[in-house]
Amino acid sequence: MEPFLGANRLNWDDRAELHSTDTTGSYHIENVLAGGSNLYELETREVGDIVGKDIVHLQCHIGLDTISLKNLGAGSVTGLDFSPTAIAAARDFAAKAGTNVRFVEAPLFEAVEALGRTFDIAYVTWGSVNWLDDVFRWARVVADLLRPGGRLYLAEGHPLMFQCDRKAAALEFKHDWRTPIARPLAWNEELTYTGDDRILKHPRYYEWIHPVSDVVNALISAGLTLDFLNEHDTVSWQHFSFAVRAGKDMYGLPENSPKIPMAYSIGATKRSVGKIPYLVTPKTIEGH
C-alpha cells in the first residue's frame, strides 16, 4: 500500500499548503482564529455534548475543525494527520489563536502508538475513510483510542455518491460499490475542492469506496455499539459540477435530478466489555 499512501501524502501536503492560505473563504480561517467555529450545522447538532470532553480528531488536516472543537468547549483536543505540511499549518493556527490544542504527525494506522492515551470522543469527518484502504483496521484504531463508554462521531460522503461519475453532466454510475484494497480508484486532478485556481504539484491520488455496511460492521466488530446511522441529501463540498447550494456551505442535487444520499453520519459508543463473538470481518473477495 505504500505507493498509494505515499502519493496521497504528497497530494495532501499540496492541499494543506493551499488550504492554509485559503482565499476562497471555504475554511473560515479568521472566524476560527477569533474564537469561532467552522463546524457545519449537521456536525454541531449530531456530535452531542463535548463540553469538558477529551477529543481526538483523526485526519485533522490543517486543524481548523480541531481548534473549533476547543472553541466550543472541549476539555482537551488532539489532532492527528499524516501530512507534515498540514500539521505545521495546524500548529501555526493554534499559536495564532492562542489555543491549547495538541497536534501530532503520524499515519492513521499508527495513531494508538503515536498518541499514547485514550479519549472520550473520536471525531472523524468529511473525506476520511475513503482515503483508507482497510476500514476494519480503521475501526480497531478508533476503538483502541476510546475509553470504555467513549463515543465516535463520523460524518462522511456517501458511498453511493462516490460510485457516480463526478465528471458527468448528470447522475451516472461508474464505479463498483466496494473497491478492492489492491486496486484503488486512481485520480489525476490539478485543482483542490475549494475553488482555488492554484495548481497542485502532485495531482495523483487514490481512494477506496467502502459500503456503509462495511463501516458499520467494522465498528461493531471492533467493540462499538451503534447509537445512530443517518443519511443526508447534502454534503459539504461540490462533488458534482451540477450540485447546487443547499443551506450554509452544503451542496445537494438540483430539483430536476433524482435524489440520492450524498452523506451519512454515525454515532457509536465503545462497549465496556468484549466484542460480539459471532461478528467477524467478511471473507476476502477478489483481493479486497
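In this text the structure is predicted, and so the values were computed from the model without any measurement.

A. Just the overall build of the protein, in detail. On a plain count of helices and strands, the protein comes out with nine helices and 11 strands. Since a compact globule built from 288 residues should have a radius of gyration of about 19 Å, the 18 Å found for the protein is in line with a globular shape. For the protein, the proportion of its 288 residues judged to be buried stands at 55%. The long-range fraction of contacts in the protein, counting pairs at least 24 apart against all pairs at least 6 apart in sequence, stands at 74%. A total accessible area of about 12,900 Å² is found for the protein, and carbon and sulfur atoms account for 53% of it. Both charge centroids of the protein, one from 28 positive and one from 37 negative side chains, sit 4 Å from each other.

B. Quick look at the sheet that holds strand β5 (residues 146-157). Pairing is mixed in the open sheet, where seven strands are placed in the order β3-β2-β1-β4-β5-β11-β8. Looking at the sheet topology across the chains shown, the edges are occupied by β3 (102-105) and β8 (224-232). Adjacent strand axes in the sheet meet at a mean angle of 15 degrees when their direction is disregarded. Against the sheet, helix α5 (residues 84-97) contacts β2 (76-81) and β3, and its axis sits at roughly 170 degrees relative to β3.

C. Local environment of the nonpolar core. Core analysis: the largest hydrophobic core is formed by 51 residues, its most contacted members being Ile-55, Ile-62, Phe-103, Trp-126, Met-161 and Phe-240. Of all elements in the fold, only α1 (2-19), α2 (29-33), α4 (64-71), α5, β4 (119-125), β5, α8 (159-163) and β6 (185-188) reach the threshold of two or more residues within this core. Residues within four places of Met-161 in sequence aside, it is in contact with Val-235, Trp-237, His-239, Phe-240, Ile-260, Pro-261 and Met-262. Core analysis: the second largest hydrophobic core is formed by 36 residues, Leu-108, Val-124, Ala-143 and Ile-266 among them.

D. Local environment of the UniProt feature "domain: Methyltransferase" (unreviewed entry) in the protein. UniProt annotation of "domain: Methyltransferase" (unreviewed entry) refers to residues 56-150 when read in the numbering used here. Summarising residues 56-150: 40% helix, 26% strand, and an end-to-end C-alpha distance of 11 Å.

E. Here's a closer look at the packing of aromatic side chains. By the definition in use, this model includes 11 aromatic pairs. A cation over a ring is seen here: Arg-15 above Trp-12, with NZ or CZ 4.9 Å from the ring centre. The aromatic ring of Trp-187 is capped on one face by Arg-166, whose charged end is 3.8 Å from the ring centroid.

F. Fine view of the pattern of salt bridges. For the structure on display, the rule yields 15 salt bridges. In this structure, the salt-bridge partner of Glu-207 is Arg-166, at a minimum N-O distance of 3.6 Å. Pair noted here: Glu-207 is in strand β7 (residues 204-207) and Arg-166 is in the loop between α8 and β6, with a separation of 41 residues, a long-range link. With a relative accessible area of 14%, Arg-166 lands in the buried category. Between Lys-167 and Glu-189 there is a salt bridge; the shortest N-O distance is 3.3 Å. One end of the pair, Lys-167, is in the loop between α8 and β6; the other, Glu-189, is in the loop between β6 and β7, and 22 residues separate them in sequence. Taking relative accessible area as the criterion, Glu-189 reaches 16% and is therefore assigned buried. A single network of salt bridges, built from pairs that share partners, joins Asp-54, Arg-117, Asp-120 and Arg-147.

Definitions and cut-offs
Residues numbered from 1 in each chain as written. Predicted model: local features only at pLDDT ≥ 70, side-chain atom pairs only at ≥ 80, totals over all residues. Heavy atoms only, no water. Helix = DSSP H or I, 4+ residues; strand = E, 2+ residues; numbered from the N terminus. Rg over C-alpha atoms; globule rule 2.2 N^0.38 Å. Buried < 20%, exposed > 50% of the residue type's maximum accessible area, 1.4 Å probe, protein only. Contact = heavy atoms within 4.5 Å. Areas by Shrake-Rupley, 256 points an atom, 1.4 Å probe, with all protein chains shown as cover. Lys, Arg positive; Asp, Glu negative; His and termini not counted. Charge placed at Lys NZ, Arg CZ, Asp CG, Glu CD. Pairing = 2+ DSSP bridges. Axes fitted to C-alpha atoms, helices over the stretch in contact; angles between N-to-C directions. Core = buried A, V, L, I, M, F, W, Y, C linked by side-chain atoms within 4.5 Å. UniProt positions renumbered as here; feature names shortened; annotations may be inferred. Phe/Tyr/Trp six-rings, centres within 6.5 Å; stacked < 30°, edge-to-face > 60°. Lys NZ or Arg CZ within 6 Å of the ring centre and 35° of its normal. Salt bridge = Lys/Arg side-chain N within 4 Å of Asp/Glu carboxyl O.

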